[in-house]
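Notes for the structure review
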Amino acid sequence: MPLKWKRVWVSDETFESAGVFDVDGDGVLDIVSGAFWYKGPDFRKKFEIGEVKKFGEYYDDFSTIAMDITGNGRLDYVTGGWWGNNLRWRENPADPTKPWPEHILAAETGNVETTRGWDIDGDGILEIVPNTPPTRTVKFYKLKTDKNGKGTGEFTAHTAYEFPEGKGQGHGLGCGDIAGNGRKDIVLCKGWLEAPADPLKGQWLWHEDFPTPPWGWAASVPMLVVDVNGDGLNDLIVGNAHGYGLWWMEQVKGKDGQRSWKTHAIDPFNAQYHDLMWVDIDGDGQCELVTGKRHRAHCGNEAGEWDDLGIYYFKWTGDAFAKQVIDYGPIGEGQGCGIHFAVADLRKTGRLDIVAPGKDGLFIYYNEGQEKA
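As a starting point, this report considers the structure included with it. (Residues numbered from 1 in each chain as written. Predicted model: local features only at pLDDT ≥ 70, side-chain atom pairs only at ≥ 80, totals over all residues. Heavy atoms only, no water.)

Below, the discussion takes up the nonpolar core. Within the largest apolar cluster, 19 residues are counted, with the highest numbers of intra-cluster contacts made by Ile-31, Phe-43, Leu-346, Val-355 and Ile-364. For this core, the secondary structure elements donating two or more residues are β1 (3–11), β4 (36–39), β28 (342–344) and β30 (362–370). For this core, the leading source of residues is β30, giving three residues. The contacts of Ile-364, once residues within four sequence positions are left out, are Lys-6, Arg-7, Val-8, Val-10, Ile-31, Phe-43, Leu-346, Ile-354 and Val-355. (Core = buried A, V, L, I, M, F, W, Y, C linked by side-chain atoms within 4.5 Å. Buried < 20%, exposed > 50% of the residue type's maximum accessible area, 1.4 Å probe, protein only. Helix = DSSP H or I, 4+ residues; strand = E, 2+ residues; numbered from the N terminus. Contact = heavy atoms within 4.5 Å.)

Dropping the structure here:
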């Protein structure tokens, strides 16, 4: 049976990123989006975090990655954007209703499409991995910790790979074990970087496996690394972030051990699949693909931007993905899900809800469970 959803308005703010974490330490989840945080459980009280620079329709704020960066038990968060050419973090003050100091995590990164946090080296602490499409260098940033394993407020930069002159890393970023050796490889628009045994000091190996990908120049962030069909090999799920299409790429191993990829369409008829999640949204013990359209991804100037908006989950049937609609409708009625949306059990029901930011406002989709037959 399909899930039933309740849409609730939170704010008319047009920030495109949101995160969910306990801001004030009261044991209740809050929402952080752009210049504000919204106090749970009803998210009606709104507190200013600090100014976020605006560039036309965009805010320079394309991620909300929660981490205890200072080691004081309070969750801070990491962001960055295209225009600032840097990564920044906001420090959760002792009184979170006061302004949050902003710190530079990494200066001169190049244009940041968006950023994700993955545990690259397996120590239990997230590394910060930005997608900087025009730049040649693929970097990630590691939080420095003290002898007790607590954050010190500083990060060290690590270079995974540098492309030849005149070639950038491209639009798209993912992370997961493609090689099948238990390590966290990094996926980019046209291929993937194989992680060495020591990802901080070893040499990463480039595999240009999709030189002419179906998603064109703009892969989603993230590109999901998951074993879709249960054959023991991790596959890829990738959306076209700035055009039509959503696919899964089946990893195939030949008798000679050679790797190849077989393309399967999931949804060729909808556009701007910029952010994807692989979570158990219906509580059956199996993960589903949750995604939707990023409204006005390029300010109305690309294929599909004026189509109806939608948020969906896709359930694997064993043969293909079955599309389930969470919300869908014309611009002004339907809703998209921005560049960095969030899922969390906001009401402690045991069900995952969706927090959807975007240029069309900030909304919650409460998961009401399966409809009664």
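Once that is clear, we can look at the sheet that holds strand β23 (residues 259–265). Reading across the sheet, the four strands line up as β20-β21-β22-β23 and stay open at both edges, with antiparallel pairing between neighbours. Two strands bound the open sheet, and with one partner strand each, they are β20 (224–226) and β23. Neighbour-to-neighbour, the strand axes of the sheet open up by a mean angle of 25°, direction not taken into account. Across three bridges, the pairing between β20 and strand β21 (residues 235–239) is antiparallel. The residue bridging Val-226 from the neighbouring strand is Asp-235, located in β21. (Pairing = 2+ DSSP bridges. Axes fitted to C-alpha atoms, helices over the stretch in contact; angles between N-to-C directions.)

Tallying each qualifying case throughout the model produces 24 salt bridges. One salt bridge in this structure joins Glu-13 and Lys-46, with 2.9 Å as the shortest N-O distance. You can see Glu-13 sitting in the loop between β1 and β2 (19–21) and its partner Lys-46 sitting in strand β5 (residues 45–48), a full 33 residues away along the chain. Judged by its relative accessible area of 22%, Glu-13 falls in the partly exposed class. For Glu-57, the salt bridge identified is with Arg-296, shortest N-O distance 2.6 Å. Taken together, the positions of Glu-57 in the loop between β6 (54–55) and β7 (58–59) and Arg-296 in the loop between β25 (288–293) and β26 (309–316) put the pair 239 residues apart, joining distant regions of the chain. (Salt bridge = Lys/Arg side-chain N within 4 Å of Asp/Glu carboxyl O.)

Moving on: the environment of Asp-231. By the secondary structure assignment, Asp-231 is in the loop between β20 and β21. Each C-alpha atom, one on Asp-231 and one on Gln-251, is 9.4 Å from the other, the two residues being 20 residues apart in sequence. At a separation of 3.0 Å, a polar atom in the side chain of Asp-231 contacts the main-chain amide nitrogen of Leu-233. (Polar contact = N/O pair within 3.5 Å; in protein donor to acceptor, adjacent residues only side chain to side chain.)

On to the environment of Lys-46. You can call Lys-46 partly exposed: its relative accessible area is 38%. The spacing of Lys-46 and Val-32 is 14 residues in sequence and 9.7 Å in space, taken between C-alpha atoms. The contact partners of Lys-46, leaving out residues within four places of it in the chain, are Ser-11, Glu-13, Phe-36, Trp-37 and Tyr-38. Side-chain polar atoms of Lys-46 contact the side chain of Glu-13, separated by 2.9 Å.

Turning next to the environment of Pro-268. By the secondary structure assignment, Pro-268 is in the loop between β23 and β24 (273–279). Sequence separation between Pro-268 and Gly-245 is 23 residues, and the spatial gap between their C-alpha atoms is 4.0 Å. When neighbours within four sequence positions are excluded, Pro-268 is seen to be in contact with Tyr-244 and Gly-245.

What follows is about the packing of aromatic side chains. Counted by the stated rule, this structure contains 21 aromatic pairs. The interplanar angle of 40° and the centroid separation of 6.5 Å between the aromatic rings of Tyr-312 and Tyr-328 together place this pair among those described as tilted. Within this pair, whereas Tyr-312 is found in strand β26, its partner Tyr-328 is found in strand β27 (residues 321–329), the two being separated by 16 residues in sequence. Looking at Tyr-312, the relative accessible area reads 2%, which means it is buried. The ring of Tyr-59 carries the charged tip of Lys-54 above its face, separated from the ring centre by 5.5 Å. (Phe/Tyr/Trp six-rings, centres within 6.5 Å; stacked < 30°, edge-to-face > 60°. Lys NZ or Arg CZ within 6 Å of the ring centre and 35° of its normal.)

A few words on the side chain of Arg-296. Overall, Arg-296 belongs to the buried group, its relative accessible area being 18%. Contact partners of Arg-296, with chain neighbours within four places excluded, come to Glu-57, Tyr-58, Glu-305, Trp-306 and Lys-359.

The calculated volume of the largest pocket comes to roughly 560 Å³. Residue lining of the largest pocket: 27 residues in total, with Arg-116, Gly-117, Met-277, His-340 and Phe-341 positioned closest to the centre. At the level of elements, β2, β8 (65–67), β12 (114–118), β20, β24 and β28 are the ones that each hand at least two residues to the lining of the largest pocket. Class assignment for the residues of the lining of the largest pocket results in 21 nonpolar, four polar and two charged. Reported here for the second largest pocket is a volume of approximately 200 Å³. (1 Å grid on protein atoms, 1.4 Å probe; cavity = no way out; pocket = protein on both sides within 12 Å on 5 of 7 lines; lining within 4 Å. Points joined across faces, edges and corners; volume = space filled by probe spheres on them. Nonpolar A, V, L, I, M, F, W, Y, C, P; charged D, E, K, R; others polar.)

By the criterion of burial, strand β13 (residues 127–131) is predominantly enclosed, with five of the five residues buried. Where β13 lies against strand β14 (residues 137–145), two bridges are found, and the strand directions are antiparallel. The residue of β14 that forms the bridge with Ile-128 is Tyr-141. Once β13 ends, the chain turns through five residues before running back antiparallel as β14.

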